[in-house]
Amino acid sequence: MSGETVITVVGNLVDDVELRFTPAGAAVAKFRVASTPRRFNRDANAWEDDKDGSLFLTCSVWRQQAEHAAETLSKGMRVIVQGRLKQRSFEDREGVKRTVYELDVEEVGPSLRNATAAVTKASGGGRQAYEAARQQPAGSGDPWTQSSQQAGQQGGSGWGSDEPPF
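Values in this document were obtained by computation on a predicted structure and should not be read as measured data.

## Digging into the pairing of strand 8 (residues 97–110)
In this structure, strand 6 (residues 55–62) lies alongside strand 8, joined through three bridges in parallel fashion. Each bridged residue has a counterpart across the sheet, and for serine 60 the counterpart in strand 8 is aspartate 104. As judged from the 13 bridges shared by strand 7 (residues 78–91) and strand 8, these two strands associate in the antiparallel manner. Paired with phenylalanine 90 across the two strands is arginine 98, which belongs to strand 8.

Written out as structure tokens, the structure reads:
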């Protein structure tokens, strides 16, 4: 939509991803990301965290991506999150007016600055297809799980050819 604030945040997960399902069966995952600015202290010749400048955002991601996030991400991981920034105001139990900022996530993944990740393509089709794909043995006809040589032997195109494997 026009006029929405889209931002990208790099930070660490404060908690494990919490996965729930709506009564209609749609998956939704919530997690919090803390992004803390770092400054170089020339006197100490070291990087220091700006503890007062930390930004904490509650993030929500939906459907299959929610299930992927819950399976992949865990507390303490450095992540990159992109989405639409939302502001919400409410009164707490003591009657104090509060304002929170939340992120409706479009994209999320681990940061590879200090880690590695093994990427596996997931099949589409919702929760049932997702569960079925998780139970299939590797190399069961999905070109993303086959090596180039296996795909070529089976008449398909693999990573080594000029054609995409789909």
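## A closer look at the pattern of salt bridges
The final tally for this structure, using the stated rule, is eight salt bridges. Residue glutamate 106 pairs with arginine 84 through a salt bridge whose shortest N-O separation is 2.1 Å. Taken as a pair, glutamate 106 in strand 8 and arginine 84 in strand 7 lie far apart in primary sequence, 22 residues in all. Judged by its relative accessible area of 38%, glutamate 106 falls in the partly exposed class. One salt-bridge network, in which partners are shared between bridges, spans Glu4, Arg84, Lys86 and Glu106.

## Focus on the packing of aromatic side chains
Each aromatic ring pair is characterised by the separation of its centres together with the angle its planes make. Here the structure, examined in full by the defined rule, presents one aromatic pair. With centroids separated by 5.5 Å and ring planes inclined at 70°, the aromatic side chains of phenylalanine 40 and tryptophan 47 adopt a geometry described as edge-to-face. We classify phenylalanine 40 as partly exposed; its relative accessible area is 37%.

## Description of the nonpolar core
By size, the foremost hydrophobic cluster in this structure holds 17 residues, and its most contacted members are Leu13, Phe31, Val33, Cys59, Val61 and Val81. At four residues, strand 3 (residues 27–35) tops the list of elements feeding residues into this core. Here leucine 13 is in contact with Phe31, Arg32, Val33, Leu73, Ser74, Lys75, Gly76, Met77 and Val79, once residues within four sequence places are set aside.

## Side note on the side chain of aspartate 92
Among the structural elements, aspartate 92 can be located in the loop between strand 7 and strand 8. The class for aspartate 92 is buried, based on a relative accessible area of 17%. For aspartate 92, the side chain forms a polar contact with the main-chain nitrogen of glutamate 94, separated by 3.0 Å.

## Here we look at the confidence of the model for the protein
For any part of a model where pLDDT is low, the fine detail of the predicted coordinates should not be relied upon. The pLDDT averaged across the protein works out to 80; a share of 73% of its residues lies at or above 70. Model confidence for the protein, summarised as mean pLDDT per element, is weakest for helix 3 (residues 148–153) at 42 and strongest for strand 2 (residues 18–21) at 96. Low pLDDT, under 50, characterises residues 139–166; the stretch is placed with 25 contacts to residues that sit more than four places away or in other chains.

What counts as what
Residues numbered from 1 in each chain as written. Predicted model: local features only at pLDDT ≥ 70, side-chain atom pairs only at ≥ 80, totals over all residues. Heavy atoms only, no water. Pairing = 2+ DSSP bridges. Helix = DSSP H or I, 4+ residues; strand = E, 2+ residues; numbered from the N terminus. Salt bridge = Lys/Arg side-chain N within 4 Å of Asp/Glu carboxyl O. Buried < 20%, exposed > 50% of the residue type's maximum accessible area, 1.4 Å probe, protein only. Phe/Tyr/Trp six-rings, centres within 6.5 Å; stacked < 30°, edge-to-face > 60°. Core = buried A, V, L, I, M, F, W, Y, C linked by side-chain atoms within 4.5 Å. Contact = heavy atoms within 4.5 Å. Polar contact = N/O pair within 3.5 Å; in protein donor to acceptor, adjacent residues only side chain to side chain. pLDDT = per-residue confidence, 0-100.

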